[in-house]
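Descriptive structure summary
Spelled out, the chains give:
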Amino acid sequence: MSEVVTTENLEWGDLNPLRGKLSPGAVNLWGDRTQDTATGMLVRFNKGFESPPHIHNILYRGVVIDGLLHNDDPSAEKMWMPKGSFWTQPAGESHITAANGHTNMIYLEIDSGPYLVKPSKQAFNSGELPLNLHKNNIVWSEKQTIKHIKTTGVEQAFLWGSYSATRGVMIKLPAKFSGVISSKANEFKAVLIAGGVVYQSNEQTKITLSKGSYFGSTTEFQHVITNNGNEDAIFYIRTNGQFEVY
């Protein structure tokens, strides 16, 4: 069983409804951020956005899809992270989020919900540490060192988790790539972070995916990907099982 969500015709709402028009926009790609469940969503910010100091009740992960994002302690100097950057925000830690691109969008993921925003006076120590990983500091590995990548030119960056449990990685498919991402996991979710591809499967005729689009599967499944563009296509993948790229 599989599903595909494209960025066209998404029904955007507010990430923090209590702030109304001051809130970033948000839309679920999978899951439901208002419930006690894992969720992946898109969040977009206007240029010049800066949140007040605040905390969250749960840890979240962010991947920059467009623009420039900063996420850190309220007193920290701005470190603008471009598309392809990754960060984690621990539960209970006071921080701000700011955006400085003409357009700004991230993929935001939680392992459990609901996703709540609370004042900094309710801060607590969860024992977790934050991570800000600029795209230039991400370490990519090629086929020679990763057994599940079966074709040349494809690279992977390991971000969190472990190979024996749920994990997050990024996969880079080069320009003119045509091949398959084959999953044997009961949870496999892929979000396009950069580039554009054509997607198809035995359940889906050819469809063009732009950045922010998502596909996933819950059984053994083959996702056929063609990158006809002149730039790398980068996917963020969340999975709890084996997958191969060939």
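Quick look at the structure, then.

Looking at the element boundaries, Ser-213 is found in the loop between β18 (204-209) and β19 (214-217). The class for Ser-213 is buried, based on a relative accessible area of 1%. Only 3.5 Å separates the side chain of Ser-213 from the backbone nitrogen of Thr-7, close enough to count as a polar contact.

As a further point, take the pattern of salt bridges. Applying the stated rule across the entire model yields 7 salt bridges. For the salt bridge of Glu-109 with Arg-238, the shortest nitrogen-to-oxygen distance reads 3.1 Å. Placement of the pair is Glu-109 in strand β10 (residues 104-110) and Arg-238 in strand β21 (residues 233-239), with a sequence separation of 129 residues. Of the residues examined, Glu-109 reaches a relative accessible area of 0% and is grouped as buried. Using a relative accessible area of 5% as the deciding quantity, one classes Arg-238 as buried. Between Glu-187 and Arg-238 there is a salt bridge, and its shortest N-O distance comes to 2.9 Å. Within this pair, whereas Glu-187 is found in the loop between β15 (178-183) and β16 (188-194), its partner Arg-238 is found in strand β21, the two being separated by 51 residues in sequence.

Within the open sheet, the 7 strands sit side by side as β2-β3-β4-β10-β6-β8-β12. Their pairing is antiparallel. The open sheet has two edge strands, β2 (13-14) and β12 (131-133), and neither has a second partner. Note: strand β6 (residues 60-66) against strand β8 (residues 86-89), 4 bridges, orientation antiparallel. Residue pairing across strands places Gly-62 opposite Trp-87, the latter belonging to β8.

A few words now on the environment of Phe-188. As for its placement among the helices and strands, Phe-188 is situated in strand β16. Counting along the chain gives 28 residues from Phe-188 to Gly-216, while the straight-line C-alpha distance between them is 5.3 Å. Excluding residues within four positions of it along the chain, Phe-188 makes contact with Ile-181, Ser-183, Phe-215, Gly-216, Ser-217, His-223, Ile-237, Arg-238, Thr-239 and Phe-243.

Throughout the structure, instances matching the rule amount to 9 aromatic pairs. Here the aromatic rings of Tyr-107 and Tyr-236 are separated by 5.4 Å at their centres, their planes lie at 45 degrees, and the arrangement is tilted. With Tyr-107 in strand β10 and Tyr-236 in strand β21, this pair connects stretches of sequence that are 129 residues apart. Using a relative accessible area of 1% as the deciding quantity, one classes Tyr-107 as buried. In textbook terms, an aromatic cluster arises when at least three aromatic residues are bridged by ring pairs, as seen for Phe-188, Tyr-199, Phe-215, Phe-235 and Phe-243. The ring of Trp-12 carries the charged tip of Arg-44 above its face, separated from the ring centre by 4.0 Å. When the ring centre of Trp-140 is taken as reference, the NZ or CZ atom of Lys-172 above it lies at 4.3 Å.

Take the nonpolar core next. Judged by nonpolar contacts, the single largest core of 24 residues is most densely connected at Leu-29, Tyr-107, Met-170, Ile-193 and Tyr-236. Within the second largest apolar cluster, 22 residues are counted, among which are Ile-149, Val-154, Val-197 and Val-245.

What counts and how
- Residues numbered from 1 in each chain as written.
- Predicted model: local features only at pLDDT ≥ 70, side-chain atom pairs only at ≥ 80, totals over all residues.
- Heavy atoms only, no water.
- Helix = DSSP H or I, 4+ residues; strand = E, 2+ residues; numbered from the N terminus.
- Buried < 20%, exposed > 50% of the residue type's maximum accessible area, 1.4 Å probe, protein only.
- Polar contact = N/O pair within 3.5 Å; in protein donor to acceptor, adjacent residues only side chain to side chain.
- Salt bridge = Lys/Arg side-chain N within 4 Å of Asp/Glu carboxyl O.
- Pairing = 2+ DSSP bridges.
- Contact = heavy atoms within 4.5 Å.
- Phe/Tyr/Trp six-rings, centres within 6.5 Å; stacked < 30°, edge-to-face > 60°.
- Lys NZ or Arg CZ within 6 Å of the ring centre and 35° of its normal.
- Core = buried A, V, L, I, M, F, W, Y, C linked by side-chain atoms within 4.5 Å.

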